[in-house]
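What follows is the residue order along each chain.
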Amino acid sequence: MKIKYESVTGEVMEIDVPSEVAEICIEIEDNTKKKERKETRRHVSLSVLESKGMQLSENIDIETNTIESEKIEQLQKALKMLLPEQQELIFKVFFCEKSVTEIANEEGVSKAAICKRLNRIYRKLKEIVF
């Protein structure tokens, strides 16, 4: 019976062996595959992920990421508790990156009035979050 044999150099060749030896080789190969499948079924090797093009950061700090996510979630909930006008002002300042002067000109009020509104909003957010 012929079996495939891979040498240390990587060269693959077929060699004739007695049928008893071939059966033992096949059994060993099957057992090895079963063990590998059983081992990799529970987890994925990092080398497998890297071979698929995924890069993992070595400096992952799960605790910090979780805390940051919780803070963002708290802030989002707090922002939803603001009045619609207050939400709009926060949107203009932080998301549209408009200056206080620009907003004051748009609304026809003084810069001080916008600053006062923002300070009220900040205080309210602090009360809600903390």
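Because the structure is predicted, anything quoted here is derived from the model rather than measured.

A separate point is the overall build of the protein. Scanning the protein from N- to C-terminus turns up six helices and two strands. When its helices and strands are written in sequence order, the protein yields β-β-α-α-α-α-α-α. Here the protein holds 130 residues, and 14% of them are scored as buried. Within the protein, contacts between residues separated by at least 24 positions form 30% of all contacts whose residues are at least 6 apart in sequence.

Looking now at the packing of aromatic side chains. By the definition in use, this model includes one aromatic pair. Geometrically, the ring pair formed by Phe91 and Phe95 is stacked, given 5.6 Å between the ring centres and 25 degrees between the ring planes. Of this pair, Phe91 and Phe95 are both found in helix 4 (residues 84-95), four residues apart, which corresponds to roughly one turn of the helix. Taking the relative accessible area as the measure of exposure, Phe95 reaches 58% and is therefore exposed.

Okay, a nonpolar patch on the surface next. Together, Tyr5, Met13 and Ile15 make up a nonpolar patch on the protein surface, roughly 240 Å² of accessible area in all. Residue class for Met13 comes out partly exposed when judged on its relative accessible area of 32%.

Another point: a negative patch on the surface. A contiguous patch of negative charge on the surface is contributed by Glu20, Glu23, Glu27 and Asp30. By secondary structure assignment, the location of Glu27 is in helix 1 (residues 19-42).

About the thresholds
Residues numbered from 1 in each chain as written. Predicted model: local features only at pLDDT ≥ 70, side-chain atom pairs only at ≥ 80, totals over all residues. Heavy atoms only, no water. Helix = DSSP H or I, 4+ residues; strand = E, 2+ residues; numbered from the N terminus. Buried < 20%, exposed > 50% of the residue type's maximum accessible area, 1.4 Å probe, protein only. Contact = heavy atoms within 4.5 Å. Phe/Tyr/Trp six-rings, centres within 6.5 Å; stacked < 30°, edge-to-face > 60°. Patch = residues over 30% accessible without salt bridge, like charges linked within 9 Å, V, L, I, M, F, W, Y side chains within 5 Å. Areas by Shrake-Rupley, 256 points an atom, 1.4 Å probe, with all protein chains shown as cover. Salt bridge = Lys/Arg side-chain N within 4 Å of Asp/Glu carboxyl O. Lys, Arg positive; Asp, Glu negative; His and termini not counted. Charge placed at Lys NZ, Arg CZ, Asp CG, Glu CD.

Taken by themselves, the reported measurements are silent on function.
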